[in-house]
2 protein chains.
Amino acid sequence: MRVLLVEDEENIREVVKLNLEMENYEVVTAIDGKMALKHFREQHFDVVLLDVMLPEIDGFQVCEQIRLTDMKTPVMMLTAKDAVGDRVTGLKKGADDYLTKPFNLEELLLRVNNLLKRSSQSPKNSPEMYEFGGHKVNFATFEAEGNNGTFTLTKKEAMLLKLLVDRKNEVVSRQQILQSVWGYDVYPSTRTIDNFILSFRKYFEENPKKPTRFLSIRGVGYKFVG
Amino acid sequence: MRVLLVEDEENIREVVKLNLEMENYEVVTAIDGKMALKHFREQHFDVVLLDVMLPEIDGFQVCEQIRLTDMKTPVMMLTAKDAVGDRVTGLKKGADDYLTKPFNLEELLLRVNNLLKRSSQSPKNSPEMYEFGGHKVNFATFEAEGNNGTFTLTKKEAMLLKLLVDRKNEVVSRQQILQSVWGYDVYPSTRTIDNFILSFRKYFEENPKKPTRFLSIRGVGYKFVG
DNA sequence: GCAGTTAGTAACAATTGTGAAACAGCAAAT
DNA sequence: ATTTGCTGTTTCACAATTGTTACTAACTGC
């Protein structure tokens, strides 16, 4: 479970980070809105903790921008002021929860858990076998049944396919694919992913030229329709 | 959408009930824990609003009882005391959210909406669908239904359209559009926005020359009428 | 109605993203 | 030692998107 923590005060940031990490979350921190948006565009997070008072771009704007491209990832706002108006603004901008500083750490952790519990209830189960439209894939043995009978997936193929299946019906960005399947710093913009998608289409699509399952969302990434 | 409202103070109960009904919720009220549990056993609710201070059985206990048989239905606790310990107790007992009295009605409604949005996790439910005047837009997949059938929005189109829809019926200035959609250090020429608006009008307006939805507010920006 | 400004339009240019094919690395088989 | 086959990567042409320019139309305040 990956958390993006956006907070400019170092002390708070470190304490919260530490505590989240003790609960086995993977935490990425940002100290201002710009960095927050940068990280968010490039990586996948399961939840965002967002301080409102940030230098330059404030938390509301960050939340609004996040919501322009992603409406699923839960966002929790943190603020020093306990102004009701603020809370309403935050919720309107698409925040899912709101906590006032100084907050109780236990409450924060409970609320984060809550958000995750609710948002990840459906796509959580990832069985070894997956079936779609007459095709079968066994992620344990890498065996798959495609248009031309049974064959074996390669390791990377299996990883990528699993990622797409786990996130079926949502768009997975290239950055996220690279991060999950290839590891972090595969910098050079690469066409490798495309080729894997290409293979999948050949394996599984009725008409590889007109894909219905492995869709490309231009400028964003790929989406598997299950 | 059915709400179970548990609150012993008549005034609060009635005000909240009225407001929820104005938002088209069906509201069932209970004045104490016993009645609350009775109703909950006998009927289906999509969300429970639960005062903590109740005669006989308090809100914590009600919540605990509910959770014994139902892990799913979101519960929101309301309390007069703003004790952190209370909040933590509530969350631990299985509450999904917590609001302190005196609460702001708008905030309550927003939070209720939030809970419902999150919990209505029917698989194919795309909560990021928007409809207006016979047209549909799916902001998750960028698919839209316009004057000439279904088509796919581009990334920027989707972002701008979403911004306008999010702020429907209010004017969004060019500045704000540039900041939100294009970012904080990249500024395209100001005619770029016009071109996107132009597209939207072609896609969605009955008579693109006489727009009724994508209105230009001279000297300020644009307004989407939903 | 006139000058100054802002918005609408379309053609075009720049940029960016994509698919497909060629290419390289490597290990097993010959 | 060479070939073969498979896996994964890079190159490249092309297509789609995004941004600019130049011009026209419309509006504002006089």
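Parameters at a glance
- Numbering of residues starts from 1 in every chain and runs along the sequence as written.
- Following the order in which they are written, the chains are lettered starting with A and the ligands numbered starting with 1.
- Per-residue local features of the predicted model are confined to residues with pLDDT of at least 70, and side-chain atom pairs are confined, for both listing and counting, to 80 or more; whole-chain, interface and lining totals are unaffected and use all residues.
- In this entry, near means the residue's backbone-placed C-beta atom lies within 6 Å of the molecule or strand.
- Under the scheme used here, helices are H or I runs from DSSP no shorter than 4 residues and strands are E runs no shorter than 2 residues, and both carry numbers assigned from the N terminus.
- Each residue gets one label: Ala, Val, Leu, Ile, Met, Phe, Trp, Tyr, Cys and Pro are nonpolar, Asp, Glu, Lys and Arg are charged, and the others, such as Gly, are polar.
- One nonpolar core equals one set of buried Ala, Val, Leu, Ile, Met, Phe, Trp, Tyr and Cys residues connected by C-beta atoms within 7 Å.
- To sort residues by exposure, count the other C-beta atoms lying within 10 Å of each residue's C-beta; 20 or more gives buried, 12 or fewer gives exposed, and values between give partly exposed, all with C-beta atoms placed from the backbone.
- Whether two residues are in contact depends on their C-beta atoms, placed from the backbone: they are in contact if these lie within 7 Å.
- Each domain's extent was defined by an automatic or database domain assignment.
- By arc we mean the arc of the directions from the helix axis to the C-beta atoms, nothing more.
- A pair of strands is considered paired only if DSSP assigns at least 2 bridges between the two.
- What counts as an axis is a line fitted to C-alpha atoms, over the stretch in contact for a helix, and the angles between N-to-C directions run from 0 to 180 degrees.

A. Region of interest: the protein's contact with DNA strand C. Inspection of the region around DNA strand C gives 20 residues, with Arg191, Asp194 and Ser216 of chain A together with Asp194 and Ser216 of chain B positioned closest. Counting residues per element, the ones that place at least two in the surface near DNA strand C are helix 8 (192-204) of chain A together with helix 8 (191-204) of chain B. Per element, the largest residue contribution to the surface near DNA strand C is six residues, and it comes from helix 8 of chain B. Broken down by class, the residue content of the surface near DNA strand C amounts to five nonpolar, six polar and nine charged.

B. Inspection of the protein's contact with DNA strand D at higher detail. Around DNA strand D there are 22 residues in total, and Thr154 and Arg191 of chain A together with Thr154, Pro188 and Ser189 of chain B lie nearest to it. Going through the elements one at a time, helix 6 (155-166) and helix 8 of chain A together with helix 6 (155-166) and helix 8 of chain B are the ones with two or more residues in the surface near DNA strand D. Of the residues contributing to the surface near DNA strand D, the split by class is three nonpolar, nine polar and ten charged.

C. Spotlight on the nonpolar core. Judged by nonpolar contacts, the single largest core of 30 residues is most densely connected at Leu4, Val6, Val48, Leu49, Leu50, Met76 and Met77 of chain B. Contributing elements (two or more residues each) for this core: strand 1 (2-6), helix 1 (10-22), helix 2 (33-42), strand 3 (47-51), helix 3 (59-69), strand 4 (75-79) and helix 5 (105-119) of chain B. In contact with leucine 4 of chain B, other than residues within four places in its own chain, are Val28, Ala30, Ala36, His39, Phe40, Phe45 and Val48 of chain B. Residues Phe45, Leu54, Cys63 and Met77 of chain A belong to the second largest nonpolar core, which totals 29 residues.

D. Looking closely at the domain arrangement of chain A. Residue and element names in this part refer to chain A. Partitioning chain A into structural domains gives domain 1 (2-119) and domain 2 (129-224). Computed from C-alpha atoms alone, the centre-to-centre distance between domain 1 and domain 2 is 31 Å. Looking at side-chain class alone, the side of domain 1 that touches domain 2 contains no nonpolar, two polar and two charged residues.

E. Focus on helix 3 of chain B. Residue and element names in this part refer to chain B. Within helix 3, the full set of buried residues consists of Gly59, Phe60, Val62, Cys63 and Ile66. Down the axis of helix 3, the smallest arc covering the buried residues is 160°, so these residues share one side. Among the exposed residues of helix 3, those oriented more than 90 degrees off its buried face are Leu68 and Thr69. Contacts from the buried residues of helix 3 go to strand 1, helix 2, strand 3, strand 4 and helix 4 (84-92).

F. Region of the structure containing the pairing of strand 8 (residues 143-146) of chain B. Residue and element names in this part refer to chain B. Looking at chain direction, strand 7 (residues 135-138) and strand 8 are connected through three bridges and run antiparallel. From the neighbouring strand, valine 137 faces strand 8, where its bridge partner is alanine 144. Taken together, strand 7 and the strand that follows it, strand 8, pair antiparallel across an intervening segment of four residues, in which phenylalanine 142 is found at a positive phi of about 70°. Both strand 8 and strand 9 (residues 149-152) contribute to a ladder of four bridges, which runs antiparallel.

G. Region of interest: the sheet that holds strand 5 (residues 97-100) of chain A. Residues and elements named next belong to chain A. With respect to topology, five strands assemble into an open sheet ordered 2-1-3-4-5, the strand pairing being parallel. Each edge of the open sheet is held by one strand with a lone partner, namely strand 2 (26-30) and strand 5. Each strand of the sheet is rotated relative to its neighbour by a mean of 20°, with strand direction disregarded. Pairing of strand 3 (residues 47-51) with strand 4 (residues 75-79), which is carried by four bridges, proceeds in the parallel orientation. When the sheet's bridge partners are listed, leucine 49 is paired in strand 4 with methionine 76. On the sheet, helix 1 (residues 10-22) packs against strand 1 (2-6) and strand 2 and is oriented at approximately 165° with respect to strand 2.

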